[in-house]
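What follows is the residue order along each chain.
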Amino acid sequence: GMFGNGGGGGGKGGRMQDERGGQMGWQQDVELCTVCNRSLEEDQLSGMHMCKVFATFQCPVCRYSWTSFNGRRRPNGELMGQQCSRCKGPGEAKDWRVMESTEQEERRR
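Worth saying up front: this structure is predicted, and the values here are computed from it rather than measured.

*Asks:* Could you give me a rundown of the side chain of R38, with the residues and numbers involved?
*Replies:* Its location among the elements puts R38 in the segment before β1 (44-45). One polar contact links R38 to D43, side chain to side chain, over a distance of 2.7 Å.

*Asks:* Outline the nonpolar core, listing residues and values.
*Replies:* Membership of the largest hydrophobic core is limited to ten residues, which are C33, C36, C51, V53, A55, F57, C59, W66, L79 and C84. Top element by residues in this core is strand β3 (residues 51-58). It accounts for four residues. Excluding residues within four positions of it along the chain, C33 makes contact with R38, L40, H49 and C51.

*Asks:* An account of the packing of aromatic side chains is requested, with residue identities and associated values reported.
*Replies:* The tally for this structure, following the rule as stated, stands at three aromatic pairs. On the basis of an interplanar angle of 55 degrees and a centroid distance of 4.7 Å, the ring pair of F54 and F69 is categorised as tilted. A residue pair is termed long-range when its members are at least 10 positions apart, and F54 in strand β3 and F69 in strand β4 (residues 65-73) qualify at 15 residues. On the basis of relative accessibility, which here comes to 24%, the residue F69 falls in the partly exposed class. With a centroid separation of 5.7 Å and 15 degrees between ring planes, the pair formed by F57 and W66 is classed as stacked. We classify F57 as buried; its relative accessible area is 0%.

*Asks:* Could you give an account of the pairing of β4, with specific residues and numbers?
*Replies:* Taken together, the seven bridges between β3 and β4 define a ladder with antiparallel strand orientation. Along β4, the bridge assignment pairs K52 with R72. Connecting the antiparallel pair β3 and β4 is a turn made up of six residues, with R63 showing a positive phi of about 70 degrees.

*Asks:* Give me the pattern of salt bridges: which residues, what numbers.
*Replies:* If you walk through the whole model with that rule in mind, you get four salt bridges. R74 is the partner of E78 in a salt bridge, and the nearest nitrogen-oxygen pair spans 3.7 Å. Of the residues examined, E78 reaches a relative accessible area of 46% and is grouped as partly exposed. On the accessibility criterion, R74 (29% relative accessible area) is partly exposed. E92 is paired through a salt bridge with K94; the nearest N and O atoms lie 3.6 Å apart. Several salt bridges share partner residues, and in doing so they unite R38, E42 and D43 into one network.

*Asks:* I'd love a proper account of the side chain of S39, names of residues and values included.
*Replies:* Relative to the helices and strands, S39 resides in the segment before β1. Polar side-chain contacts of S39 include one of 2.9 Å to the backbone nitrogen of E41. When near neighbours in sequence (up to four residues on either side) are disregarded, S39 contacts V30, E31, L32 and H49.

About the thresholds
Residues numbered from 1 in each chain as written. Predicted model: local features only at pLDDT ≥ 70, side-chain atom pairs only at ≥ 80, totals over all residues. Heavy atoms only, no water. Helix = DSSP H or I, 4+ residues; strand = E, 2+ residues; numbered from the N terminus. Polar contact = N/O pair within 3.5 Å; in protein donor to acceptor, adjacent residues only side chain to side chain. Core = buried A, V, L, I, M, F, W, Y, C linked by side-chain atoms within 4.5 Å. Buried < 20%, exposed > 50% of the residue type's maximum accessible area, 1.4 Å probe, protein only. Contact = heavy atoms within 4.5 Å. Phe/Tyr/Trp six-rings, centres within 6.5 Å; stacked < 30°, edge-to-face > 60°. Pairing = 2+ DSSP bridges. Salt bridge = Lys/Arg side-chain N within 4 Å of Asp/Glu carboxyl O.

Distances and angles like these do not, on their own, reveal function.
What follows is the structure, encoded as structure tokens:
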């Protein structure tokens with residue numbers, strides 16, 4: 001079963017009683033990202049979690065700037081660039097912030 005000898009989890013037996021606390025029960029063994037507070041198993045690109053962030057980009061070629069709710073922050077802290085919609089240049093992230101969970105929910109509807 002699920003609770004095999006997964007490396008001496010002896011002291012964790014008490015955690016099952018948390019299920020009373022509503023819907024938090026499913027998050028027990030999920031590791032959360034310290035940046036965006038979402039599961040590291042979500043928002044994955046090429047096998048690793050990348051935070052979805054609200055980012056401002058600027059194209060170094062034509063100086064056009066834009067914002068995106070689909071900014072992606074790599075685990076090393078760098079943001080992935082986005083292609084400039086005007087000149088197809090390599091847009092660079094200038095600024096970013098983690099979206100509130102309410103913003104994420106709204107965008108998912």
